[in-house]
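Results of the structural survey
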Amino acid sequence: MLVQNPGGSPVHVDFTLNTGGGEVKPPELQHVEIGAGSRRTFLLNAYVTTTDVSTRVSCTDGLVACERAMYWRPGAGVPWAVGHNGTGVYRSNPVWYLPEGATDLGFESYVLVQNPGGSPVHVDFTLNTGVGEVKPPELQHVEIGAGSRRTFNLGNYVKTTDVSTKVLCRDGRVICERAVYWRPSPGSPWTVGHDSRGISP
């Protein structure tokens, strides 16, 4: 997590990590000072080990800008080979659109849903494909626990190079992001990845 303070005075931030198991608030990530006109980098691996983690950064005494950068290695002990990043959003919403996606020709697409709220919520997925709308029954009224994040592999539901996603939360507000990765051959490591936050009306 990259936190920028463009202002002329120090500010303080609190981190809340939303994981598959719920909310985590590492003591070392509370009331962290970001100096005037400075940026700090925080490695989340030092606090949680999981494939499901989203972050809420709250600034208690000013304004900051936040971004998430992710890198991975195709094998143990080798250098980073691929990475992507995304800017933060400043509020959750009941509806999100994710225009990009592919689940064929070596591509894998994931929709990431964060519930930063204090109560469970339920979401419905609509997949817009080249041949029309698909509403997988397993992706209707899916629960996202309070203070948690879930990951959904679209390849489990459609096989296509054209898929967009609509996520609708009927009983609360969520934040959605889309990540796409590519393998040159089955079983090989991901060699390309990109990511985008959703669009909310």
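One can find the structure itself at the top, above this paragraph.
Bear in mind the structure is a predicted one, so any value in this text is a computation, not a measurement.

Turning to unusual backbone geometry, a few remarks are in order. Most of the time, phi is negative for any residue but glycine, and the peptide bond is trans. A positive phi is found at His31, a non-glycine position, where the angle reads about 55°. Looking at the element boundaries, His31 is found in the loop between β3 (22-24) and β4 (32-34). Of note, Leu105 is a non-glycine position whose phi angle comes to about 60°, a positive value. With respect to the helices, strands and loops of the structure, Leu105 is situated in the loop between β9 (95-98) and β10 (107-115). Look at Leu105 and you get exposed, because its relative accessible area is 62%.

Right, let's talk about the nonpolar core for a bit. Side chains that are nonpolar tend, in soluble globular proteins, to be buried together. Ranked by size, the top nonpolar core spans 20 residues in total, and within it Val113, Val123, Phe125 and Val174 carry the most contacts. Within the residue set of this core, elements represented by two or more residues are β9, β10, β11 (121-129), β13 (142-144), β15 (163-169) and β16 (175-182). Per element, the largest residue contribution to this core is 4 residues, and it comes from β11. Apart from the residues lying within four places of it in its own chain, the contact partners of Val123 are Val113, Leu139, Gln140, His141, Val142, Ile144, Val167, Leu168, Cys169 and Val174. In this structure, Val3, Val11, Leu17 and Phe42 belong to the second largest nonpolar core, which totals 13 residues.

Cut-off values and rules
- Residues numbered from 1 in each chain as written.
- Predicted model: local features only at pLDDT ≥ 70, side-chain atom pairs only at ≥ 80, totals over all residues.
- Heavy atoms only, no water.
- Helix = DSSP H or I, 4+ residues; strand = E, 2+ residues; numbered from the N terminus.
- Buried < 20%, exposed > 50% of the residue type's maximum accessible area, 1.4 Å probe, protein only.
- Core = buried A, V, L, I, M, F, W, Y, C linked by side-chain atoms within 4.5 Å.
- Contact = heavy atoms within 4.5 Å.

Purely spatial values, then, with no claim about function.
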